[in-house]
Amino acid sequence: MRKFLLVFLLLNLFQNSFSQSKTENFSMILHDDWRMQSSLTDVSKGDQISTADFSVKNWYSITVPSTIIAGLLANHEYNFDPFYATNFEKLADKRLSHTWWFRKEFSLPASEKNKNVVLKLHGINYKANVWLNGMLIADSMQIKGPFRIIDLDITKAFHYNETNILAIEILRPFNPNKQDGDLAIDYADWIHYPPDYNGGIVNNVEIKTYNKVGVEYPLVTTHFDLPSLNIAHLNVYAIVTNYTNSEQDVIIKGKINTDISFEQKIHLLPNEKKQISFNASDYKQLDIENPKIWWPWQYGEQNLNQIELSCVVDDSISNSVAENFGIREITSKFINNASREFIINGKQIMLRGAAWSPDIFQRHSAQRQEQELKLVRDMNMNIVRSEGKFEDDNFYDLCDKYGLLVMTGWMCCGAWQYPENWNKTERALAMSSDSSMILWLRNKACVMVWLNGSDMPPRDTSVEKNYLSIEDELHWQNPLLSTADASKSKVSGFSGVKMNGPYDWVPPIYWETDSTEYGGAWSFATEISPGPSIPPYESLMKFIPEDSITNTNTDWLYHAGTMEFGNTKIFDNALNARYGGSSDIHQYLAKAQLQNYEAHRAMMEAYGLHKYNTATGVVQWMLANPWPSLIWHTYDYYLYPAGTYFGMKKSMEPLHVMYSYKSNEVDIINSLLQKFSTLTVKADVYNLDGSNKYSNTITTSVNEDSIQTCFVIPQINGLSDVYFLRLELKNAEQQTKSINWYWLSKKDDKLNWKKSEWFYTPQSFFADYSALQSMPATTLSVSSSTNKKQTETSHTITVTNTGKAVAFFVHIRTLKKKDSDDILPVIFSDNYISLAPGESRVIECSYLNTDAENTSPFILVSGWNVDAKNSKAGNDAGFE
């Protein structure tokens, strides 16, 4: 209890409290009808701006959350697209380095009259003066830090019978990317920084009311008697606050799923904040038999339960809060000092996913979040990592719903990485931020681990100790890591994870070759990537001028990363060496999709192949980009799924057949908690002319969540310089579960390990795929059927290779109409497919009708060697 009081004593330096609820008896989110203006444009003071007779005639109208630039964009302040070419530089504005006012008028319903009123600020970036009805409520010494959730008791200044005027004067952060900068949002080398550094209101502004005392932050923790899941032992925690200057006796009543009730009487001193608990050892009704358990999506159902807590004061309810939670237990163990394995509900789990990135201007969109998380699941991923970029409640609710695990915590590489430079105020801010985030996220079913550092453990050991103390007192129930890299913390020991690169192009053989030092398939790689993911031409045209679409143009380079990643040179050199030079941008882009596909597929396959021996997880850096970019994404800013996306999706099929570049083995990866017997695995090797040079079929089985080696592809005589390997896996019912094509060269990629750098390993020799440029053409036949429902349309597309050569890397697009834009987002069951002579594939495609804009969709098919002129399709399909 003494530690807990010390935590809150520290937080009181900032008048900080904690916030997050699903439903309450009263909560008002101040979202609409805000006004925003620069203090250079309107020089009025807070005591004037926060009064009813103040005119905001020339102020910008915005919704909140909003950064300064997001607000200006919403008001069409700029006559250019900031994402196009180098227009981003035009956003520079001297006003952005001065304070901006955010003003809101609001009133409460009569039912809330005479209650205690609390203003809850969920995210102010970076510091602010807060005024209400002409009165200064808190100044910028108290309101500081985007990751703090701050309670302000505004009862004394509140007008119950009139309109209230809230005015927040915000100053953006300075130099968050520098070691002596502000503890704000940092992007490291991802992107160019927006000139407002995301200054503004980056999460909700909320009004809450209480009758003297309030309860919030319910938490339900779970413990099973593993391996049995028959009984879940639950503990319940919450924070109770006395908002009066007198002692209070209250009753906290709890209910789980309407049928399990419990209560506790507590005594509060004046203005006291207290953590309460209901333990299963004392409340036997919290031992739940046959519980509804939450699982990651490939392991089981995403069952959510509900906890409801009410605070009873003077025989009436002061407030109540209800929130979903998952009955699940997440732990971890070490395979060795370098490899940490995560376990959910007693089952080990191989984690494969990507790193989340918010919009560069912090524009949260519920629609966009759902679109992206559906793409995450479509790629068969089970985890997203968020490095110091926290979304809103809706994001985590969606992850709960879709069974996606979240790795989150503090960030590199600026001020957050140098705690030894913090003064007393900054240290208190960091601890306050940690408390806020832990209390906000601790009851989320999807949140599986918290990282107290990113690229290294906190460099000041006392900071990590303080973090751990807070997290212990607030009953964080999941694993805690000191860092996302392999450093050994002096406080908490080995992390069991790594971030040893690469971040730029490496060939497919890389991942299985390195087994101890770099980014190969061992340990848990928390951020890793084979570098650029060049978008298709249809996306490039949206942000790079057509005459600038070359890989050396200034506009092209501007949309790469920064620092070491400010160009695509390493990727391009490999592309030219492996696939031959390109005569134009279209040929370059076609080859880029090949290289994107093979590189990302190989990475995920290698980690899957070596799971638990000793690979335990891999996070692609990154999932998507904060703005249109050429590097580090699985789908581009416009949600276009190209080579990287489908290479990823192929590699993480739940029941997958693959080829090992290192051993020439054919293997099955089973990612499901189910054994499969009487599986049929077939391998065929084709020359460029379509002739079959090898075929082998076996029957085998694979245990749950395991690997099965099938056979080795032998040396084969008479192969062309480039040849194809087709793998197919069928289940006991002879249903095809996986088809996987590889293009292979008689000349291997070789790595120069001695010259490895932190972000890539150079090659000493390159595979030679240049013969693909002269492979024989083939023809296709395409037919489709359409099923249009009220909100969604699906197409069943049949593609048949009617020629004599392999139809290589066939790409299917769904356009809004002929010669129009792609329908995006879109889900294809497979894409960039290859077909043997005479082979047919059935591809399913679906999208929302709103994204098709009520047009007549057109199926457009292309391929590496498709003879478009002599191929055949119906009226609703065609070739390019």
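Residues numbered from 1 in each chain as written. Predicted model: local features only at pLDDT ≥ 70, side-chain atom pairs only at ≥ 80, totals over all residues. Heavy atoms only, no water.

Draft legend 1. Up close: the overall build of the protein chain. In terms of regular secondary structure, the protein chain is built from 14 helices and 52 strands. Compactness check: the protein chain gives a C-alpha radius of gyration of 29 Å against a globular reference of 29 Å for 880 residues, within 12% of the reference. The principal-axis extent of the C-alpha atoms belonging to the protein chain is close to 90 × 65 × 55 Å. Considering the protein chain as a whole, with its 880 residues, one finds that 64% of them fall into the buried category. (Helix = DSSP H or I, 4+ residues; strand = E, 2+ residues; numbered from the N terminus. Rg over C-alpha atoms; globule rule 2.2 N^0.38 Å. Buried < 20%, exposed > 50% of the residue type's maximum accessible area, 1.4 Å probe, protein only.)

Draft legend 2. Representation of the packing of helix 11 (residues 569-579) against helix 12 (residues 585-609). The N-to-C vectors of helix 11 and helix 12 enclose an angle of 100°; their axes lie 10 Å apart at closest approach. As judged from the angle between their axes, helix 11 and helix 12 are roughly perpendicular. Taking contact as the criterion, the partners of Phe571, Asp572, Ala574, Leu575, Arg578 and Tyr579 in helix 11 are, on helix 12, Tyr588, Lys591, Ala592, Leu594, Gln595, Asn596 and Glu598. When grouped by side-chain class, the residues that make up the contact of helix 11 with helix 12 number seven nonpolar, two polar and four charged. (Axes fitted to C-alpha atoms, helices over the stretch in contact; angles between N-to-C directions. Parallel < 35°, antiparallel > 145°, perpendicular 65-115°, else oblique. Contact = heavy atoms within 4.5 Å. Nonpolar A, V, L, I, M, F, W, Y, C, P; charged D, E, K, R; others polar.)

Draft legend 3. Layout of the sheet that holds strand 49 (residues 840-848). On the basis of which strands lie adjacent, the open sheet formed by five strands has the order 47-49-45-44-51 and mixed pairing. Each edge of the sheet is formed by a strand with only one pairing partner; in this case those strands are strand 47 (827-828) and strand 51 (872-873). (Pairing = 2+ DSSP bridges.)

Draft legend 4. Looking closely at the packing of aromatic side chains. Applying the stated criterion across every chain, the model contains 63 aromatic pairs. Ring centres of Tyr187 and Trp190 lie 5.9 Å apart, and the angle between their planes is 70°; on these two criteria the pair is classed as edge-to-face. Given a relative accessible area of 5%, Trp190 falls into the buried group. Each residue in the set Tyr597, Tyr645, Phe646, Tyr686, Phe724, Trp741, Trp743, Phe808, Phe809, Tyr832 and Trp864 is aromatic and connected to the rest through ring pairs, giving one cluster. Lys498 extends its terminal NZ or CZ atom over the ring of Trp522, reaching a point 3.7 Å from the ring centre. (Phe/Tyr/Trp six-rings, centres within 6.5 Å; stacked < 30°, edge-to-face > 60°. Lys NZ or Arg CZ within 6 Å of the ring centre and 35° of its normal.)

Draft legend 5. Geometry of the environment of Ala606. Within the secondary structure layout, Ala606 lies in helix 12. C-alpha of Ala606 to C-alpha of Ser651: the two residues are 45 residues apart in sequence and 9.1 Å apart in space. Excluding anything up to four places from it in sequence, Ala606 contacts Trp511, Glu512 and Ala521.

Draft legend 6. Looking closely at the sheet that holds strand 50 (residues 858-862). Taken in spatial order, the four strands of this open sheet run 48-46-50-52, and their pairing is mixed. Of all the strands in the sheet, just strand 48 (833-835) and strand 52 (877-879) have a single pairing partner and so form its edges. Looking at each pair of strands side by side, their axes are set apart by 30° on average, direction ignored. With three bridges joining them, strand 50 and strand 52 adopt parallel strand pairing. Pairing of Ile859 across the sheet is with Ala877, part of strand 52.

Draft legend 7. Representation of unusual backbone geometry in the model. With omega at 20°, the peptide bond leading from Asn125 into Tyr126 counts as cis. Checked against the element boundaries, Tyr126 lands in the loop between strand 8 (124-125) and strand 9 (127-132). Residue Pro227 is bonded to the preceding Leu226 through a cis peptide linkage, with omega at 10°. Here Pro227 is to be found in the loop between strand 15 (213-224) and strand 16 (231-242).

Draft legend 8. Quick look at helix 12. With 25 residues, helix 12 extends 36 Å between its outermost C-alpha atoms, agreeing within 8% with the 36 Å of an ideal straight helix rising 1.5 Å per residue. Counting buried residues along helix 12, 22 of its 25 residues qualify, which places the element largely inside the surrounding structure. The residue sitting at the N-terminus of helix 12 and contributing the capping side-chain oxygen is Asp584; that oxygen lies 3.1 Å from the backbone nitrogen of His586. (Expected span 1.5 Å × (residues − 1). Polar contact = N/O pair within 3.5 Å; in protein donor to acceptor, adjacent residues only side chain to side chain.)

Draft legend 9. Layout of the packing of helix 12 against helix 13 (residues 643-651). With their axes 7 Å apart at the nearest point, helix 12 and helix 13 run at an angle of 30° to one another. With respect to each other, helix 12 and helix 13 are oriented roughly parallel. Where helix 12 crosses over helix 13, the handedness of that crossing is right-handed. Here Gln593, Asn596, Tyr597, His600, Arg601, Met603, Met604 and Glu605 of helix 12 lie close against helix 13, whose contacting residues are Gly643, Thr644, Phe646, Gly647, Met648, Lys650 and Ser651. (Left-handed = near helix turned anticlockwise from the far one by under 90°.)

Draft legend 10. Fine view of the side chain of Gln248. Structurally, the position occupied by Gln248 is in strand 17 (residues 248-256). Among the polar contacts listed, one links the side chain of Gln248 to the side chain of Thr244, at a separation of 3.3 Å. When neighbours within four sequence positions are excluded, Gln248 is seen to be in contact with Lys212, Val213, Asn242, Ile266, His267, Leu268 and Val313.

Draft legend 11. Highlighting the pairing of strand 15. Most of strand 15 sits inside the fold, with eleven of its twelve residues counted as buried. The pairing of strand 15 with strand 16 spans ten bridges and is classified as antiparallel. Across the sheet, the residue bridging to Val215 is Val240, located in strand 16. Counted between consecutive antiparallel strands, the loop separating strand 15 from strand 16 contains six residues.

Draft legend 12. Representation of the pattern of salt bridges within the structure. Applying the stated criterion across every chain yields a total of 33 salt bridges. With a closest N to O distance of 2.9 Å, Asp378 and Lys649 form a salt bridge. In this pair, Asp378 sits in helix 4 (residues 366-378) while Lys649 sits in helix 13, placing the two residues 271 residues apart along the sequence. With a relative accessible area of 14%, Asp378 lands in the buried category. Residue Glu880 pairs with Arg813 through a salt bridge whose shortest N-O separation is 3.2 Å. With Glu880 in the segment after strand 52 and Arg813 in strand 46 (residues 807-815), the pair connects residues that are 67 residues apart, well separated along the chain. Arg813 gets classed as buried once you look at its relative accessible area, which sits at 6%. The network of salt bridges with shared partners includes Glu24, Lys120, Asp151, Lys208 and Glu216. (Salt bridge = Lys/Arg side-chain N within 4 Å of Asp/Glu carboxyl O.)

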